Amino acid sequence: MIGTIDYGNLMHRAMRGLIQEVLEGVLADGLPGEHHFFITFDTQHPDVEIADWLSDRYPGEMTVVMQHWYDNLTVTDEGFGVTLNFGDAPEPLYIPYDAIKTFVDPSVEFGLRFETQEGEDQETDLEVVDEEFVAEIADSAPSKPAEEKAPTGEAEVVSLDSFRKP
């Protein structure tokens, strides 16, 4: 038996499971109401599958939007695939959950940010983000419709640093 419970990594896996469950709901029923997602991911992750021109254009990370048009959504235990439109050019993507850096649904001011700490164990911090971060992602994401506005409610930042191993 190990000496401590690794709450940080348990929470990390749980939140990636939350993303999977949300996407499974979208697969079954479509995007409800005003919900839409801004998903930022590491384009250099070994299991990411994107067109060469996209990885050349976004060599570190990329933010995609699932909102008005998406097709061929598939959801697995390891990641999800989706075809998105890039300037009238549909492109299939495969994004493993481990490659996701942020997952934001600005319609309800919900966001998660996963940050990897460089080090021996490559630990990952998870943060439920505040409204300022949600607004920042919404403002900087590609293909943002003109009528979309930044969220105005309040959100609380939850940091998992206190659960990290010393």
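Heads up: these notes are all about the structure in this document. (Residues numbered from 1 in each chain as written. Predicted model: local features only at pLDDT ≥ 70, side-chain atom pairs only at ≥ 80, totals over all residues. Heavy atoms only, no water.)

### Considerations on unusual backbone geometry
Test applied: A run of H or I in DSSP becomes a helix once it reaches four residues, and a run of E becomes a strand once it reaches two; helices and strands are each numbered from the N terminus. The classification of residues rests on relative accessible area computed with a 1.4 Å probe and restricted to protein chains. Under 20% of the type maximum is buried, over 50% is exposed, and intermediate values are partly exposed.
A positive phi angle is found at N72, which is not glycine, with a value near 55°. Even without being a glycine, D88 presents a positive backbone phi close to 65°. On the secondary structure map, D88 appears in the loop between β4 (79-85) and β5 (90-96). Owing to a relative accessible area of 71%, D88 belongs among the exposed residues under this scheme.

### Things to note about the environment of F41
For clarity, the cut-off: By definition in these notes, contact holds between two residues if any of their heavy atoms fall within 4.5 Å.
Position of F41 among the secondary structure elements: in strand β1 (residues 37-42). Judged by its relative accessible area of 0%, F41 is buried. Considered as a pair, F41 and I95 are 54 residues apart in the sequence and their alpha carbons are 7.5 Å apart. Beyond its immediate sequence surroundings of up to four residues, F41 is in contact with V48, I50, G60, E61, M62, V64, I95, A99, I100 and K101.

### What about the pairing of strand β6 (residues 100-105)?
Stated precisely, the cut-off is as follows: A pair of strands is treated as paired once DSSP finds two or more bridges between them.
Extensive coverage of β6 is indicated by the burial of 5 of its 6 residues. As defined by bridge partners, β1 adjoins β6 across 4 bridges and the pair is classed as antiparallel. When the bridges of β6 are listed, F38 appears paired with V104.

### Let's talk about the nonpolar core
Here is the rule: The criterion is simple. A nonpolar core is a set of buried Ala, Val, Leu, Ile, Met, Phe, Trp, Tyr and Cys residues joined through side-chain atoms within 4.5 Å.
Residues F80 and I100 are the most contacted members of the largest nonpolar core, which totals 28 residues. At the level of elements, α1 (7-29), β1, β2 (61-66), β3 (70-75), β4, β5, β6 and β7 (110-116) are the ones that each hand at least two residues to this core. Here the element with the most residues in this core is α1; it accounts for 4 residues. Once residues within four sequence positions are removed from consideration, F80 is found in contact with L23, I39, L73, T74, V75, L93, Y94, I95, Y97 and I100.

### Here's the deal with the sheet that holds β5
Which entries qualify depends on this criterion: For helices, the fitted axis covers only the stretch in contact; all axes are lines through C-alpha atoms, and the angles between them, taken along N-to-C directions, range from 0 to 180 degrees.
An order of β3-β4-β5 is seen for the 3 strands of this open sheet, with the pairing classed as antiparallel. One side of each edge strand has no neighbouring strand; the edge strands of this open sheet are β3 and β5. Here the average twist between neighbouring strands, direction ignored, is 15°. For β4 and β5, the ladder comprises 7 bridges, and the chain directions are antiparallel. When the bridges of β5 are listed, G79 appears paired with P96. On the sheet, α1 packs against β3 and β4 and is oriented at approximately 130° with respect to β3.

### With respect to α1
One turn of an α-helix holds 3.6 residues; hence residues three or four places apart share an orientation. Applicable threshold: What a helix should span is 1.5 Å times the count of its residues minus one.
Its 23 residues place the ends of α1 32 Å apart at the C-alpha level, agreeing with the 33 Å of an ideal helix rising 1.5 Å per residue. Among the residues making up α1, those that are buried are G8, H12, M15, R16, I19, Q20, L23 and V26. Positive phi appears at G30, one or two residues downstream of α1, with a value of about 80°.

By themselves, these figures tell us nothing about what the structure is for.
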